[in-house]
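# Examination of the molecular architecture
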Amino acid sequence: SQQGEEDPQALSIQEGENATMNCSYKTSINNLQWYRQNSGRGLVHLILIRSNEREKHSGRLRVTLDTSKKSSSLLITASRAADTASYFCATAGTGGFKTIFGAGTRLFVKA
Amino acid sequence: EADIYQTPRYLVIGTGKKITLECSQTMGHDKMYWYQQDPGMELHLIHYSYGVNSTEKGDLSSESTVSRIRTEHFPLTLESARPSHTSQYLCASSEPREGLRSPLHFGNGTRLTVT
């Protein structure tokens, strides 16, 4: 079974609003990563948060990690139409080298 | 965008044909991966490699095979394509940072359709 599960599966917002996506996972992790995928393209790495970190920022992105609840959230502030994409969380475990992806949240930002 | 290239971008092929999906990276990364992704769905790891002459099967059973003769090249081969192989195939690589589980750099994928 997959490690990460994103919530919601799909999200539609107006340009300028904030978008929040959540990710839950099952086992101990070394780090958690968020990726973006535009339609028909590969994934692009956005941000990595280590298991000993609680919050991280990168531009309009804010990621939180709660290892006690095995969950993370990605906040995109002041969204733009160009943010329309699928967003995936991925976890790298404490053992092995495999990065496991969730099913993604499809974000649609209306201009 | 990272320097990892996949060809072809799209491939439509008949049942029973042998196909090879190409993946090359110019970053000198030791670790490389193949993921399979159906439209709008999660990614499934089908093969990975720690370096030259090292290949491992991933979590999703696959009838494909891979080879790693050169660091920069990680081709995936299907000996006899079937309609069930229709999917998007994503190649990725990562830096050899021990204990850090580095982010993955992805190619743009090959969308395979088997008729």
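Definitions and limits used
- Residues numbered from 1 in each chain as written.
- Chains lettered and ligands numbered in written order.
- Predicted model: local features only at pLDDT ≥ 70, side-chain atom pairs only at ≥ 80, totals over all residues.
- Heavy atoms only, no water.
- Helix = DSSP H or I, 4+ residues; strand = E, 2+ residues; numbered from the N terminus.
- Disulfide = S-S within 2.5 Å.
- Buried < 20%, exposed > 50% of the residue type's maximum accessible area, 1.4 Å probe, protein only.
- Pairing = 2+ DSSP bridges.
- Axes fitted to C-alpha atoms, helices over the stretch in contact; angles between N-to-C directions.
- Contact = heavy atoms within 4.5 Å.
- Buried area = accessible area lost by both parts, 1.4 Å probe.
- Salt bridge = Lys/Arg side-chain N within 4 Å of Asp/Glu carboxyl O.
- Polar contact = N/O pair within 3.5 Å; in protein donor to acceptor, adjacent residues only side chain to side chain.

## Remarks on unusual backbone geometry
Here the residue pair D7(A) and P8(A) is connected by a cis peptide bond, since its omega of 0° sits within 30 degrees of zero. Its place among the elements puts P8(A) in the loop between β1 (5-7) and β2 (10-14). For the bond from T7(B) to P8(B), the omega torsion is -5°, close enough to zero to count as cis.

## With respect to the state of the cysteines
Residues and elements named next belong to chain A. Per the counting criterion, the structure on display carries two disulfides over all chains. One disulfide bridge connects C23 with C89, the sulfur atoms lying 2.0 Å from each other. Note on the C23 and C89 pair: the S-S dihedral is about 60°, so by sign convention the disulfide is right-handed. Of this pair, C23 sits in strand β3 (residues 19-24) while C89 sits in strand β9 (residues 85-93), placing them 66 residues apart in sequence. Using a relative accessible area of 2% as the deciding quantity, one classes C23 as buried.

## Notes on the sheet that holds strand β7 (residues 61-66) of chain A
All names here are of chain A. The strand order β1-β3-β8-β7-β6 describes an open sheet built from five strands, whose pairing is antiparallel. Of all the strands in the sheet, the pair left with one neighbour each is β1 and β6 (55-58). Between one strand axis and the next, the sheet turns by 20° as a mean value, whatever way the strands run. With six bridges joining them, β7 and strand β8 (residues 71-76) adopt antiparallel strand pairing. Along β8, the bridge assignment pairs V63 with L74.

## Some remarks on the interface of chain B and chain A
On the chain A side, the residues contacting the 28 residues of chain B number 27 residues. Interface area for chain B against chain A, summed over the two sides, is near 2,200 Å², with a carbon-plus-sulfur share of 51%. Among the residues chain B hides against chain A, the three largest losses belong to E42(B), L43(B) and R101(B). Together they make up 27% of the total. On inspection of chain B and its partner chain A, the count reaches zero salt bridges. Taken together, chain B and chain A are joined by five residue pairs in polar contact (both at pLDDT 80 or more). Within the residue set of the side of chain B that touches chain A, elements represented by two or more residues are β4 (31-37), β5 (43-51) and β9 (87-94) of chain B. The dominant element in the side of chain B that touches chain A, judged by the number of residues it contributes, is β5(B), at five residues.

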